[in-house]
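Residues per chain, in single letters:
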Amino acid sequence: MMRIRNIVILTGAGISAESGLATFRGSDGLWEGHRVEDVATPGAFVADPHLVHSFYDARRAQLAEVEPNKAHEALARLDAEWDGELLIVTQNVDDLHERAGAKRLLHMHGELKSGLCLGCGERSPVEGALLDYPPCPHCEQKMLRPDIVWFGEIPYEMERIETALMRADLFVSIGTSGAVYPAAGFVQSAKYRGARTIELNLEPSQGSIFFDESRMGPAGELVPALVEELLADRA
């Protein structure tokens, strides 16, 4: 493997599926029995906030029933031991990376355990049910919505992600379908700037042709193996 200093890692639903979290969108196009238009757009929240809150409250509650897996733990180890730049960009809205110990991390699609106030625009931690309409801790208005980037909205921290991709020597995609943009375009951005690109997935993604290497199998096996390679090569 070429000498690596700066790394960007993208993780998707596949890494959390091995912890028992549903991948959210099924083969029938439904999101846990709901149409995307009914639970994952700004218009859906305006039309039926009760349904949207119930949907995300249920997913938030499910987090208490699962634990990080070996893939999350391996990335946390890489985070702790890697001397160069590292950014783990996750499309997932769960907190399994954090619970495994990862620090150099950002949630581009928001977080289940966070609320966004429509009154003041501030984000704040959420543990209980938003369906109870708790007040915003910043402005005390009862106008919290799930802090999730819905369809039609712009993902968080895109400038920071693009800067990291520009500097990356290695880009790794783990457990993603390669179907959701802008994340699906990260491999092309990294490759254009000369980074080595590796895909770890159960099956080839829609963007497999853009990767220098594709390794197929469970994330819980592939990610620890790659982390061992990277740390051994560093020495």
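Rules used throughout
Residues numbered from 1 in each chain as written. Predicted model: local features only at pLDDT ≥ 70, side-chain atom pairs only at ≥ 80, totals over all residues. Heavy atoms only, no water. Phe/Tyr/Trp six-rings, centres within 6.5 Å; stacked < 30°, edge-to-face > 60°. Helix = DSSP H or I, 4+ residues; strand = E, 2+ residues; numbered from the N terminus. Buried < 20%, exposed > 50% of the residue type's maximum accessible area, 1.4 Å probe, protein only. Lys NZ or Arg CZ within 6 Å of the ring centre and 35° of its normal. Axes fitted to C-alpha atoms, helices over the stretch in contact; angles between N-to-C directions. Parallel < 35°, antiparallel > 145°, perpendicular 65-115°, else oblique. Left-handed = near helix turned anticlockwise from the far one by under 90°. Contact = heavy atoms within 4.5 Å. Nonpolar A, V, L, I, M, F, W, Y, C, P; charged D, E, K, R; others polar. Domains from an automatic or database assignment. Buried area = accessible area lost by both parts, 1.4 Å probe.

Observations concerning the packing of aromatic side chains
Okay, step 1: For the structure on display, the rule yields 4 aromatic pairs.
Okay, step 2: For the ring pair Tyr-56 and Trp-150, a centre distance of 6.2 Å and an interplane angle of 40° mean the geometry is tilted. In this pair, Tyr-56 is assigned in helix α4 (residues 49-63) and Trp-150 in the loop between β6 (144-148) and α7 (158-167), connecting sequence segments 94 residues apart. Just as Tyr-56 is buried, Trp-150 falls in that class too.
Okay, step 3: When the ring of Phe-171 is compared with that of Phe-211, the centres are 6.3 Å apart and the planes differ by 20°; the resulting orientation is stacked. Here Phe-171, found in strand β7 (residues 170-174), pairs with Phe-211, found in the loop between β8 (196-201) and β9 (213-216); they are 40 residues apart in sequence, far enough to count as distant. Just as Phe-171 is buried, Phe-211 falls in that class too.
Okay, step 4: Its end group placed over the ring of Tyr-156, Arg-123 keeps NZ or CZ at 4.0 Å from the ring centre.
Okay, step 5: Across the ring face of Trp-150, the terminal group of Arg-145 is positioned such that the distance to the ring centre comes to 3.8 Å.

Overview of the packing of helix α5 (residues 70-81) against helix α9 (residues 219-234)
Okay, step 1: Contact pair α5 / α9: the axes reach a minimum separation of 7 Å and the direction vectors enclose 20°. Relative to α9, the element α5 is oriented roughly parallel. For the crossing formed where α5 meets α9, the hand is left-handed. Residue-level inspection shows Lys-70, Ala-71, Ala-74, Leu-75, Arg-77, Leu-78 and Glu-81 of α5 in contact with α9, the latter providing Ala-219, Gly-220, Val-223, Pro-224, Val-227, Glu-228, Leu-230, Leu-231 and Arg-234.
Okay, step 2: Broken down by class, the residue content of the contact of α5 with α9 amounts to 10 nonpolar, 1 polar and 5 charged.

A look at unusual backbone geometry
Okay, step 1: The step from Tyr-181 to Pro-182 runs through a cis peptide bond, and the omega angle for that step is 10°.
Okay, step 2: On the secondary structure map, Pro-182 appears in the loop between β7 and α8 (186-192).
Okay, step 3: Of note in this structure, Glu-157 is not a glycine but carries a positive phi near 55°.
Okay, step 4: Mapped onto the secondary structure, Glu-157 falls in the loop between β6 and α7.

Side note on the domain arrangement of the protein chain
Okay, step 1: Segmenting the protein chain into domains produces domain 1 (1-21 + 68-109 + 155-235) and domain 2 (22-65 + 111-148).
Okay, step 2: For domain 1 versus domain 2, the distance between C-alpha centres works out to 26 Å.
Okay, step 3: Every contact between the two is made by 12 residues of domain 1 and, on the other side, 12 residues of domain 2.
Okay, step 4: Note on domain 1 versus domain 2: buried area summed over both sides is about 1,000 Å², and carbon and sulfur give 56% of it.

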